[in-house]
Amino acid sequence: MRRIINSTYLTLDGVIEDPAWTMPYFDDEAAAFAGAQTEAADALLMGRRTYDGFAAAWPNMDESDPSTGAAYFNNVKKYVASTTLTDPEWKNSEVLRGDLIEAVTALKAQDGKDILMYGYGVVTDALVKAGLVDEVRFWIHPVLVGGPSVSAPLSDARTALTLTDTKVMKSGVIIATYTPAAA
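The next subject is the overall build of the protein chain. Per the secondary structure count, the protein chain includes five helices and eight strands. Each helix and strand of the protein chain, placed in order from N terminus to C terminus, yields the pattern β-α-β-α-α-β-β-α-β-α-β-β-β. Its C-alpha atoms give the protein chain a radius of gyration of 16 Å, within 12% of the compact-globule value 16 Å for 183 residues. The dimensions of the protein chain, computed from C-alpha atoms along their principal axes, are 45 × 40 × 30 Å. A separation of at least 24 residues holds for 71% of the contacts in the protein chain among residues at least 6 apart in sequence. Each charge class in the protein chain was averaged separately, 15 positive and 24 negative side chains, and the resulting centres sit 3 Å apart.

Printed below as a string of structure tokens:
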């Protein structure tokens, strides 16, 4: 069975939107960790807001430059959880139809590598509660930026996680990896 890995960049004050603030911390060490994540994944799963942001940015990046990651993001299979998107234009994108939990359960049952998610919003929250997310990796950046602390309001986000790994980078970024806690 495939695993779903969520990878979310956040600030010390919990902001995850518009992550331009990550750039000063994206050094060789962070690039190696990010590269290992994408190497282990043959699909992306995202909500509509993440899809819109990624689809606006990645196709404009140089795929011939391996340091951009554009070749991976533009060519990997992408699944979008959306009830409003009907015809995704970004290459290799497919909208999940019907019940989200059923659709993602079917994706996990397929042969393949990990399925990678970025950002933490209502789609990730629903999948964590359904027991479908295998790991959540929070990249905690040593910066305060102010503003909303999540990308979408999570009305009932109570979920227990167990810390399974930490990686402290030279830049001060801490990657805290969690798995769903046993009930």
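Here we take up the pattern of salt bridges. Counted under the stated rule, the structure contains 11 salt bridges. Note that Lys-108 and Asp-134 form a salt bridge whose closest N and O atoms lie 2.8 Å from each other. Here the residue Lys-108 occupies a position in helix H4 (residues 100–109), and Asp-134 occupies one in the loop between helix H5 (122–129) and strand E6 (135–141), the gap between them amounting to 26 residues. Overall, Lys-108 belongs to the buried group, its relative accessible area being 4%. In this structure, a network of salt bridges that share partners links the residues Arg-3, Asp-114, Glu-135 and Arg-137.

Here we take up the packing of aromatic side chains. Each aromatic ring pair is specified by the distance between its two centres and by the angle formed by the two planes. A full pass over the atoms with the stated rule returns 11 aromatic pairs. A ring pair is formed by Tyr-9 and Trp-139, whose centres lie 4.8 Å apart and whose planes are at 65°; its orientation type is edge-to-face. With Tyr-9 in strand E1 (residues 4–11) and Trp-139 in strand E6, this residue pair connects regions lying 130 residues apart in the sequence. With a centroid separation of 5.4 Å and 85° between ring planes, the pair formed by Phe-33 and Trp-139 is classed as edge-to-face. Taken together, the residues span a long stretch of sequence, with Phe-33 in helix H1 (residues 28–39) and Trp-139 in strand E6 at a distance of 106 residues. Relative accessible area serves as the criterion here: at 1%, Trp-139 is assigned to the buried category. Each member of the aromatic cluster is reached from another via a ring pair, and the members are Phe-54, Trp-58, Tyr-72, Phe-73 and Tyr-118.

Those residues of H5 that fall on the buried side of the exposure criterion are Val-123, Thr-124, Asp-125, Leu-127 and Val-128. Of the surrounding elements, those touching the buried residues of H5 are E1, strand E2 (41–47), strand E3 (77–81), H4, strand E5 (114–118) and E6. Phi turns positive one or two residues past the end of H5, at Gly-131, with a value near 80°.

Conventions used here
- Residues numbered from 1 in each chain as written.
- Predicted model: local features only at pLDDT ≥ 70, side-chain atom pairs only at ≥ 80, totals over all residues.
- Heavy atoms only, no water.
- Helix = DSSP H or I, 4+ residues; strand = E, 2+ residues; numbered from the N terminus.
- Rg over C-alpha atoms; globule rule 2.2 N^0.38 Å.
- Contact = heavy atoms within 4.5 Å.
- Lys, Arg positive; Asp, Glu negative; His and termini not counted.
- Charge placed at Lys NZ, Arg CZ, Asp CG, Glu CD.
- Salt bridge = Lys/Arg side-chain N within 4 Å of Asp/Glu carboxyl O.
- Buried < 20%, exposed > 50% of the residue type's maximum accessible area, 1.4 Å probe, protein only.
- Phe/Tyr/Trp six-rings, centres within 6.5 Å; stacked < 30°, edge-to-face > 60°.

In short, shape yes, function no, at least from these values alone.
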